[in-house]
Amino acid sequence: MTVEVLDTVTKQRLAVQTFEVRGTTTFGGTTPAQAPVGLAGIECRIAKVL
């Protein structure tokens, strides 16, 4: 699955990462933020499921 990480306020894309889905409740992989996270936090959006 591909996940986009967005700043909540500006909607600026901070990262895009593909994860390996393991079963129905877990997935593997981590990615650092590519830019400072704003005070309002982040949003994660699933962009694609293979």
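How each quantity is defined
- Residues numbered from 1 in each chain as written.
- Predicted model: local features only at pLDDT ≥ 70, side-chain atom pairs only at ≥ 80, totals over all residues.
- Heavy atoms only, no water.
- Helix = DSSP H or I, 4+ residues; strand = E, 2+ residues; numbered from the N terminus.
- Buried < 20%, exposed > 50% of the residue type's maximum accessible area, 1.4 Å probe, protein only.
- Contact = heavy atoms within 4.5 Å.
- Salt bridge = Lys/Arg side-chain N within 4 Å of Asp/Glu carboxyl O.
- Polar contact = N/O pair within 3.5 Å; in protein donor to acceptor, adjacent residues only side chain to side chain.

1. Focus on the overall build of the chain
And then number 1: Helix and strand content of the chain: 0 helices and 5 strands.
And then number 2: When its helices and strands are written in sequence order, the chain yields β-β-β-β-β.
And then number 3: Burial status across the chain gives 24% buried among its 50 residues.
And then number 4: Of the contacts made within the chain by residues no fewer than 6 positions apart, 46% connect residues no fewer than 24 positions apart.

2. As for the pattern of salt bridges
And then number 1: Applying the stated criterion across every chain, the model contains 3 salt bridges.
And then number 2: Close ionic contact of E4 with R45 constitutes a salt bridge, the shortest N to O distance being 2.4 Å. With E4 in strand β1 (residues 2-7) and R45 in strand β5 (residues 42-48), the pair connects residues that are 41 residues apart, well separated along the chain.
And then number 3: According to the relative accessible area criterion, E4 is buried, its value standing at 11%.
And then number 4: Residues joined in a network through salt bridges with shared partners are E4, R13 and R45.

3. Let's talk about the environment of V49
And then number 1: Topologically, V49 is positioned in the segment after β5.
And then number 2: A relative accessible area of 60% places V49 in the exposed class.
And then number 3: C-alpha of V49 to C-alpha of V3: the two residues are 46 residues apart in sequence and 9.0 Å apart in space.

4. Observations concerning the environment of T2
And then number 1: Among the structural elements, T2 can be located in strand β1.
And then number 2: The spacing of T2 and T18 is 16 residues in sequence and 4.2 Å in space, taken between C-alpha atoms.
And then number 3: Non-local contacts of T2, meaning those with residues more than four positions away in its chain, are made with V16, Q17, T18, R45, I46, A47 and K48.
And then number 4: A polar atom in the side chain of T2 sits 3.3 Å from the side chain of T18.

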